[in-house]
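# Working through the structure, step by step
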Amino acid sequence: MTSAKDRLAHLLHLPDKRSAQPTKEQKRAYIQELSQSPLSFKINVFFEAIKSIFLYGISIGLICMALAAGIGAGYFAALMKSEPIPSYQVLKQQLDNTDQAAGLYFAKNNKFGAIKTDLIRTPINIHEMSPYLKDAIVATEDEDFYKHDGVVPKALLRAVISDVTGFGSQTGGSTLTQQLIKMQVLTSQVTLKRKATEVLLALRVDKYFTKKEILQDYLNVATLGRNNKGQNIAGVQEAALGLFGKNAKDLSLAEAAYIAGLPQSPSVYTPYDQDGTLKDPEYLKYGLDRKNTVLFRMYRDDRITKAEYKAAKKVDLTKEFQPKADPAETTKSYGYVYNLLETQATDIMAKQLAKEANVSTAKLNKDPNLYKQYETQATELLSTKGYQIHSTIDQEIYDAIQGVVHQQGATFGRTYTDTVTDEETGLQKTVSSPVQNGSVLLDNRTGKVISFVGGRDFSLKQTTC
């Protein structure tokens, strides 16, 4: 029995490449004969045509995918060749760094503080963390963590397709190792090169470090929302203390699952508002639902039993969240030096970032919005990447000069009083404005600043200016 394809070829008397093309009359005859054929034959012809088009489309798609894969592999190979391979010591220092705010230094390497940030963390050893917590993070963020070599190719491909087409999951293809690298080594800038570098470093980290070391670093640096003081927190120890008033090793299954659910969207799932008050029930629900999702994934991966899963789902964590508390007072020692170094470091960093993006300093200075963009990036880097900001100011000389200013301040001139309106209360109040003093001590040979006087009293200046 002949197929529809054979009958069609016979019906149309298809010539081979050496034969002459059919005439118009022959074509009309072919079409007329086809129109008089049985319906079943026409249906077979239709499906044969659809099949051919489908196979053709698949072939084209496979060719395009092969080309894309080849180009991607070539780009990645070129990047691996040009990208310097960090040593074990360099990567360990970067991954273990939990004092991420830039340090501030006087001359002679004397550190006096760090860039202010409300992100607090307390690193601990993985043995000081609840086993529930470790299992919950792996089951939720990277279920193949103990199987892969730092990256999961199929997840990367899925993420790329999602980014290109706009369809599918938006959770990305990042493993715990890749997430750690994004937090500790790379910037938040999203580029193809940065993603490729991330993959390269993930492979390197997985080769250098054990899974236990990688997991410990991740659990110590992951951002986890706010605590009951309204402070932004990172690391599971601060989350355990700030949410439940206990150490990370003492977390229950339900508490561990709640914390493990926070990294996906810390600001949404955190139970506290910016002032440390507990969110309204309608907003607390998001974090509690997320906790149940984490529990299900732990049960699905055989990390907990069905009985444990059901029992933990019933726990009312709203009764365990800590009440609001006030943050500790921060000191304002060396306030003038702090302001000077922070301002100059931010400006230098912003101009360097602009230079790397081929934006001239002249253009940057002319466009306030453009400068603000790079200033914001610079502030983020200074708050998160552990830079060291060194100055030429001599601490001993600076302290001596400030002592003279404080002792002799009353001789500088009278203190003026004025009545102003309090912006918060709208009430009138009297403020004191003492005569200020300013001076700079320079090295005439090099021009470096040895010391300076920014005013008579930094705390007083903050309240009156």
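Figured I'd write up the structure that's included with this text. (Residues numbered from 1 in each chain as written. Predicted model: local features only at pLDDT ≥ 70, side-chain atom pairs only at ≥ 80, totals over all residues. Heavy atoms only, no water.)

### Description of the pattern of salt bridges
Quick note on the threshold: Salt bridges are identified by distance alone: a Lys or Arg side-chain nitrogen within 4 Å of an Asp or Glu carboxyl oxygen. What counts as a helix is a DSSP run of H or I of at least four residues, what counts as a strand is a run of E of at least two, and both are numbered from the N terminus. Note on exposure labels: buried denotes an accessible area under 20% of the residue type's maximum, exposed denotes more than 50%, and partly exposed covers the range between, all computed with a 1.4 Å probe on protein chains only.
Enumeration over the complete set of coordinates arrives at 11 salt bridges. With a closest N to O distance of 3.7 Å, Arg-303 and Asp-135 form a salt bridge. Of this pair, Arg-303 sits in the loop between α13 (281–300) and α14 (306–313) while Asp-135 is found in helix α5 (residues 131–141), placing the two residues 168 residues apart along the sequence. Overall, Asp-135 belongs to the partly exposed group, its relative accessible area being 25%.

### What about the sheet that holds strand β4 (residues 223–226)?
As a reminder, the rule being used: Strands pair, by our definition, only if DSSP identifies at least two bridges between them.
Overall, mixed pairing links the three strands, which are arranged β3-β5-β4 in an open sheet. In this open sheet, the two strands that pair with only one neighbour each are β3 (119–120) and β4. Here β3 runs beside strand β5 (residues 232–234); their pairing, made up of two bridges, is parallel. Across the sheet, Ile-120 pairs through a bridge with Ile-233, a residue of β5.

### Remarks on the nonpolar core
To keep things clear, this is the line we draw: Here, the term nonpolar core denotes a set of buried Ala, Val, Leu, Ile, Met, Phe, Trp, Tyr and Cys residues that are joined through side-chain atoms within 4.5 Å. Pairs of residues are marked as contacts when any of their non-hydrogen atoms sit within 4.5 Å.
Core analysis: the largest hydrophobic core is formed by 55 residues, its most contacted members being Leu-215, Leu-224, Val-236, Leu-243, Phe-244, Ile-259 and Phe-321. Of the residues forming this core, the biggest block, seven residues, is contributed by helix α11 (residues 253–260). When residues no more than four places from it in sequence are discounted, the contact partners of Phe-321 are Leu-243, Phe-244, Tyr-258, Pro-271, Tyr-272, Leu-278 and Leu-284.

### So, the side chain of Ser-391
Selection criterion: Each polar contact in these results corresponds to two N or O atoms within 3.5 Å; when the atoms are within protein, one needs to be able to donate a hydrogen and the other to accept it, and residues that are neighboring in sequence are counted only if both atoms are side-chain atoms.
You can see Ser-391 is positioned in the loop between β6 (388–390) and α18 (395–408). Judged by relative accessible area, Ser-391 falls into the buried class, the value being 13%. At a separation of 3.4 Å, a polar atom in the side chain of Ser-391 contacts the main-chain amide nitrogen of Ile-393. Contacts of Ser-391, omitting those with residues within four sequence positions, involve Tyr-105, Phe-106, Ala-107 and Leu-341.

### Examining empty space enclosed by the protein
The condition that has to hold: Within this scheme a cavity is a closed region of a 1 Å grid, computed over the protein atoms alone, that accommodates a 1.4 Å probe without allowing it to escape, whereas a pocket is open but has protein on both sides within 12 Å along at least five of seven lines; lining residues each have an atom within 4 Å of a point. Grid points are joined across faces, edges and corners, and a volume is the space filled by probe spheres set on the points.
Following the criterion strictly, the structure yields one cavity of 30 Å³ or more and no others. Roughly 40 Å³ of internal volume is contained in the largest cavity. As for the largest cavity, its lining consists of Pro-84, Ile-85, Pro-86, Leu-200, Leu-201 and Arg-204.

### Comments concerning the packing of aromatic side chains
Note the following rule: Any Phe, Tyr or Trp ring, taking Trp's six-membered ring, that has another such ring centre within 6.5 Å forms a pair; planes under 30 degrees apart are called stacked, those over 60 apart edge-to-face, and the others tilted.
Within the structure shown, the criterion is met by 16 aromatic pairs. Pairing Phe-106 with Tyr-334 gives two aromatic rings, centres 5.0 Å apart and planes at 75°, and the pair type is edge-to-face. Of this pair, Phe-106 sits in the loop between β1 (103–105) and β2 (111–114) while Tyr-334 sits in the loop between α14 and α15 (335–356); the two residues are 228 residues apart in sequence, bridging distant segments of the chain. Ring geometry for Tyr-334 versus Tyr-398: centroids 5.9 Å apart, planes at 45°, classification tilted. Of this pair, Tyr-334 sits in the loop between α14 and α15 while Tyr-398 sits in helix α18, and the two are 64 residues apart along the sequence. According to the relative accessible area criterion, Tyr-398 is buried, its value standing at 3%. Ring pairs connect the aromatic residues Phe-106, Phe-112, Tyr-334, Tyr-398 and Phe-452, which therefore count as one cluster.

### Re a negative patch on the surface
Going by this rule: Exposure above 30% relative accessible area and the absence of a salt bridge qualify a residue for a patch, where like charges join within 9 Å and nonpolar side chains (Val, Leu, Ile, Met, Phe, Trp, Tyr) within 5 Å. For the area figures, the Shrake-Rupley method with a 1.4 Å probe applies, and any residue is considered shielded solely by the protein chains shown. Positive charges are assigned to Lys and Arg, negative charges to Asp and Glu, while His and the chain termini are left out of the count. By convention, the point assigned to a charge is CZ for Arg, NZ for Lys, CD for Glu and CG for Asp.
A cluster of acidic residues, Asp-273, Asp-275, Asp-280 and Glu-282, forms a negative patch at the surface. Inspection of the secondary structure puts Glu-282 in helix α13.

### Considering the environment of Arg-204
Position of Arg-204 relative to the elements: it lies in helix α8 (residues 192–208). Through-space distance from the C-alpha of Arg-204 to that of Tyr-88 is 8.9 Å; in sequence the pair is 116 residues apart.

### Some points on the pairing of strand β9 (residues 439–442)
Note that β9 and strand β10 (residues 449–453) share four bridges and pair antiparallel. Bridge pairing in β10 links Leu-442 to Val-449.

### Here's the deal with α5
Structural remark: α-helix, 3.6 residues per turn; residues separated by three or four positions point the same way. With eight of 11 residues buried, α5 lies mostly within the body of the structure. For α5, the full list of buried residues reads Leu-133, Lys-134, Ala-136, Ile-137, Val-138, Ala-139, Thr-140 and Glu-141. If you follow the buried residues of α5, they end up packed against α7 (176–184), α9 (211–221), α10 (236–244), α11 and α13. Between the side-chain oxygen of the N-cap and the backbone nitrogen of Tyr-132 there are 3.1 Å, and the N-cap of α5 in question is Ser-130.

### Describing unusual backbone geometry
Excluding glycine, residues mostly have negative phi values, and the peptide bonds linking residues are mostly trans. Located in the positive-phi region is Lys-108, a residue other than glycine, with phi close to 65°. Considering the arrangement of structural elements, one finds Lys-108 in the loop between β1 and β2. Even without being a glycine, Asn-109 presents a positive backbone phi close to 65°. Relative to the assigned elements, Asn-109 resides in the loop between β1 and β2.

Honestly, it's all geometry; don't read function into it.
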